[in-house]
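Below, each chain spelled out in residue letters.
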Amino acid sequence: MIVEKALTEFLKYKYSKLLSFDMLGSVAAPAAKQDRPYLLYAHVPFCEELCPYCSFNRFPLDRDLAREYFNALTAEIRMYKDLGFEFTAAYIGGGTPTVLPRQLGDLLNFLRKSFPIAEVSVETNPNHLNAEVIGILKDSGVNRLSVGVQSFDDGLLRQMERYHKYGSGEEIRSKLQRLMGTFDTLNVDMIFNFPSQSLAALETDVRIIQDIEADQVTFYPLMVSDMTRKELATRFGAIRYQQEKVFYERIVEMLQGSYNFGTSWCFSRKNTMIDEYIVDYDDYVGVGSGSFGYVNGACYANTFSVPEYLEHIAAGVLPLLARKDFSLTEQIQYHFMMKLFGESLDIARAEAKYDGMFMKSLRKEVALFKVLSALERQNGSLRLTRRGRYFWVIMMREFFTGVNNFRDLCRNGIKRSDTAVLSKRAVKPIND
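Rules and cut-offs
- Residues numbered from 1 in each chain as written.
- Predicted model: local features only at pLDDT ≥ 70, side-chain atom pairs only at ≥ 80, totals over all residues.
- Heavy atoms only, no water.
- Helix = DSSP H or I, 4+ residues; strand = E, 2+ residues; numbered from the N terminus.
- Buried < 20%, exposed > 50% of the residue type's maximum accessible area, 1.4 Å probe, protein only.
- Contact = heavy atoms within 4.5 Å.
- Right-handed = clockwise from strand over helix to strand, strands pointing away.
- Pairing = 2+ DSSP bridges.
- Salt bridge = Lys/Arg side-chain N within 4 Å of Asp/Glu carboxyl O.

Please give an account of the overall build of the protein chain that cites residues and values.
Looking only at helices and strands, the protein chain features 17 helices and 18 strands. The principal-axis extent of the C-alpha atoms belonging to the protein chain is close to 55 × 50 × 40 Å. Every one of the 432 residues in the protein chain was classed for burial, and the buried ones make up 58%. Considering only contacts in the protein chain between residues 6 or more positions apart, those separated by 24 or more positions represent 75%.

Structure follows, in structure tokens:
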């Protein structure tokens with residue numbers, strides 16, 4: 001664990017610097033390049049209830065505000081179309097995108113009519129796996145549905161405050177079982193390494209995934225921002241990364257053979273879209289409050305304030321809050337991390353993209369990971385070894401923790417009046 005601990009500490013420092021945005025406030029719109037495939041990420045920041053461990057930008061559901069928000073999303077996407085962006089795939093995340101299924105269906109139909117969309121992925125929760133929602137998603141051309149389950153263990157579900165919202169592990173399992181075959185891909189989102197989680201409970205979770213023959217399962221390690229670490233420690237106990245490694249190796253051991261690696265923590269029965277779309281798409285545009293994009297070597301972030309977001313869209317202005325221009329070295333390191341998270345990296349393609357500077361810029365990193373038996377060179381590609389996969393789990397865990405820290409920083413900057421408006425307007429969920 002010495003190497004893993006040292007890597008974790010180094011990455012915490014590295015990503016805190018990488019995600020220190022250069023520009024805050026007035027940010028120019030990114031420029032579209034012709035003949036480049038772009039993915040669209042649309043963020044819906046509303047949930048019927050908020051989970052205590054989640055660091056994504058999300059607010060209690062206000063149905064009237066959410067309807068206004070979906071209209072604004074469509075308007076923001078039109079702005080990017082006017083800038084020349086063509087989207088070939090779309091990922092709708094949250095929050096809970098399916099809180100207003102008919103409005104979501106309208107948004108998806110608009111995307112299909114406006115762009116050459118080849119694949120669409122949507123996130124949801126188990127309580128929305130009903131005939132109305134599923135019918136709308138199917139009619140709107142959704143290829144991949146990703147269901148946030150986290151665990152089938154009732155004790156953990158209660159600790160996560162999900163049992164009363166989504167039902168028991170057995171109830172969730174039954175819903176997923178009935179849904180198999182409805183979409184091209186049904187992904188089950190799971191979390192491992194809760195401090196109170198036992199190895200036996202984890203093994204039961206994996207067996208259920210195998211028994212229902214899920215098309216795909218994504219096992220995320222618990223990722224905690226600095227601001228939520230203390231609260232989670234009080235609720236669940238202190239995070240143990242030594243346990244994380246044991247749990248991860250057990251997941252791999254149980255799933256290998258029947259599943260292939262989509263990424264280091266995503267396991268698929270077939271070649272399909274994954275949650276980490278940043279692996280397959282070099283450039284992506286983020287729309288919606290609190291979304292991120294990466295275009296032409298720069299990272300963009302939208303405002304985290306929903307009222308401010310709506311004001312910008314009503315004024316015909318993109319709601320960009322911040323931009324980070326990556327240096328050439330940072331772009332190369334980002335490419336190295338993301339592509340290898342997807343198991344392999346085409347060296348020739350990377351050299352062509354970065355004018356022959358790719359491997360030259362990564363001499364130290366490649367040499368180090370080869371010494372650590374994490375990488376191997378094979379048929380013109382760099383590939384992860386079995387040991388290397390867990391190193392990349394650490395790298396991505398710390399990268400997303402850095403993103404979560406930035407989210408917390410931005411949420412703290414939301415005007416108190418905005419928060420008060422959202423809290424006052426929040427209502428109990430009813431049928432749409």
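So what's going on with the pairing of strand β9 (residues 216-221)? Which residues, and what values?
Of all the six residues making up β9, six are buried; the element is thus mostly covered by neighbouring parts of the structure. On β9, burial covers both faces: Q216, T218 and Y220 on one face and V217, F219 and P221 on the other are all buried. Between the parallel elements strand β8 (residues 185-192) and β9, the chain passes through helix α8 (residues 199-212) in a crossover that is right-handed. Here β9 runs beside strand β11 (residues 266-268); their pairing, made up of three bridges, is antiparallel. If you follow T218 over to β11, its bridge partner there is C266.

Can you explain the pattern of salt bridges? Please cite residues and give values.
Pairing between side chains becomes possible if they bear opposite charge and their charged atoms approach one another. Considering all chains together, one arrives at 15 salt bridges under this definition. Residues R102 and E132 are paired through a salt bridge, measuring 3.0 Å at the closest nitrogen-oxygen approach. Of this pair, R102 sits in helix α3 (residues 101-114) while E132 sits in helix α4 (residues 131-139), and the two are 30 residues apart along the sequence. Note on R102: relative accessible area 41%, which makes it partly exposed. Under the relative-accessibility criterion, E132 is labelled partly exposed at 37%. The salt bridge partner of R173 is D211, with a shortest N-O separation of 4.0 Å.

Any functional reading would require information beyond the geometric quantities listed.
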